[in-house]
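The primary structure of each chain is shown beneath.
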Amino acid sequence: PDLSPDFTIDTTDTDYTVFQITLPTDEAIGATRIIDAIATAHNTSRATAFTELLHGTTGEVKVTLNCYRNLDTGDMHLENHKLTGIAPDTWMRRVTDLTVPSHSTHHGRLATEAQKALIAGIDGTCRAPGCDNPAATADADHIHRYDNNPHTGTREMQSLCRRCHILKTLGLTDYTRLTDGTTIVSSIDDNHTVTTVPTGPLAHANLTFDRCLAHKTRTRKEHQKLRDTWNYITRCAFQNVGASAIIVEEAPIPF
Ligand SMILES: [Zn+2]
């Protein structure tokens, strides 16, 4: 709570300048994902991506950030980070699409964005033992070889960061996922067996379809109410400073 965002500029050296930027963790996660997406799309460094972003010369780069909100407790996470203070309101205002997560199957090789969000939301981090790379940037891995099981689904998928995914693909690690989400990982080298459990905000969520359907209407209603309130506040603020009120198009929330 005591943290204040800060931006210091150190020009001691004549050849380069050092920026030191301090942001709350949730804003830093958003900023990192955006800068990394630009760096990946342009095959460049984070520093170059940052300057391109400031100049508006990045072209179209798409970034998906996933928030998870528990309707019973009101708890909200950005990826694996729990939001506190005013952060839940800030992120709710940024929401563009809503979905009620439930396990599902897919017929193509790749999972959809919503399915990836579900898998990352359950796992929290890469599921390899001792690896805490975020699930949000990890691959959605088919636990069993895709070729043997073309009609696979989210129950048979897990988050593995690129490095751990490569070790699995090379056959150096073997994964078995139990129905409760627990994973048994064995290392081919030394025959060690380790168990890992999901730690994401959806790790203990009820993800069966019946319950989700009941929640769907409620989610939609609550979100619309928050958005209406925010639009009203914005309109009043504009009127107070003498500007003409902006008309906010009320598009239906897509599911
Ligand atoms: Zn990993």
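Look up: the structure comes first, before these words.
The structure presented is a predicted model; accordingly, all values stated were derived computationally and were not measured. For every chain, the first residue of the written sequence is number 1, and numbering continues from 1 along that sequence. Totals for whole chains, interfaces and linings use all residues, but because this is a predicted model, local features are given only for residues with pLDDT of at least 70 and pairs of side-chain atoms are given and counted only at 80 or more. Side-chain measures were taken over the full set of non-hydrogen atoms in the model, leaving aside hydrogen atoms and water.

Asks: For this particular structure, what's the right way to read the sheet that holds strand β5 (residues 81–82)?
Replies: For sheets, the rule is that strands pair by backbone hydrogen bonds, running either parallel or antiparallel. Pairing between two strands is assigned when DSSP locates at least 2 bridges connecting them. Where helices and strands are cited, they refer to DSSP runs of H or I of at least four residues and of E of at least two residues respectively, numbered from the N terminus. Spatially, the three strands line up as an open sheet ordered β3-β4-β5, and their pairing is antiparallel. Unpaired on one side and paired on the other, β3 (67–69) and β5 mark the two borders of the sheet. Pairing between β3 and strand β4 (residues 76–78): three bridges, direction antiparallel. In the strand pairing of β4, Arg-69 is matched with Met-76. Contacts were defined at the residue level, with two residues in contact if any of their heavy atoms lie within 4.5 Å. Angles shown run from 0 to 180 degrees and are taken between the N-to-C directions of axes, each axis being a line fitted to C-alpha atoms and, for helices, limited to the stretch in contact. Relative to β4, helix α3 (residues 87–94) is tilted by about 70°, and along the sheet it contacts β3 and β4.

Asks: Please clarify how the pairing of strand β7 (residues 157–160) should be interpreted in this entry.
Replies: Put simply, side chains in a regular strand alternate between the two faces of the sheet. Side chains of β7 alternate between two faces, with Met-157 and Ser-159 and Gln-158 and Leu-160 buried alike. In the sheet, strand β6 (residues 139–142) pairs with β7 via four bridges, with the strands oriented antiparallel. Each residue of the ladder has a partner; that of Asp-141, found in β7, is Gln-158. Three exposure classes are used, based on accessible area relative to the maximum for each residue type with a 1.4 Å probe and protein chains only: buried under 20%, partly exposed in between, and exposed over 50%.

Asks: Sorry, what's going on with unusual backbone geometry here?
Replies: Note: most residues except glycine have negative phi, and most peptide bonds are trans. A positive phi angle, near 50°, is found at Asn-43, a position not held by glycine. Inspection of the secondary structure assignment puts Asn-43 in the loop between α1 (25–41) and α2 (46–55). Using a relative accessible area of 72% as the deciding quantity, one classes Asn-43 as exposed. In this structure, Glu-79 is a non-glycine residue whose phi angle is positive, near 55°. For Glu-79, the position within the fold is in the loop between β4 and β5.

Asks: Even after reading the chapter, I still don't get the coordination of the zinc ion, so can you show me in this structure?
Replies: Any two of four tetrahedral donors ideally make an angle of 109.5 degrees at the metal, while pairs among six octahedral donors ideally make 90 or 180 degrees. Metal coordination here is assigned from N, O and S atoms located within 2.8 Å of the ion, or within 3.2 Å for Na, K and Ca; omission of water means that sites may look incomplete. Taken together, the protein donors to the zinc ion comprise Cys-126 (SG), Cys-131 (SG), Cys-161 (SG) and Cys-164 (SG), at separations of 2.3 Å. Around the zinc ion, the four donor atoms sit at angles spanning 100 to 116°, and that spread fits a shape best called tetrahedral. Written as a sequence motif, the donor residues of the zinc ion are C-x4-C-x29-C-x2-C. Remark: Cys-161 occurs in the loop between β7 and α5 (162–169) and Cys-131 occurs in the loop between α4 (113–123) and β6; sequence separation between them is 30 residues. Here a site with four donors is tetrahedral if all angles are between 85 and 135 degrees, and a site with four or six donors is square planar or octahedral if opposite donors are over 155 degrees apart and the other angles are between 65 and 115; anything else gets the irregular label.

Asks: Explain the environment of Thr-99 here, please?
Replies: Tracing the backbone through its elements, the reader meets Thr-99 in the loop between α3 and α4. Residues Thr-99 and Tyr-68 lie 31 residues apart in sequence; the distance between their C-alpha atoms is 9.8 Å.

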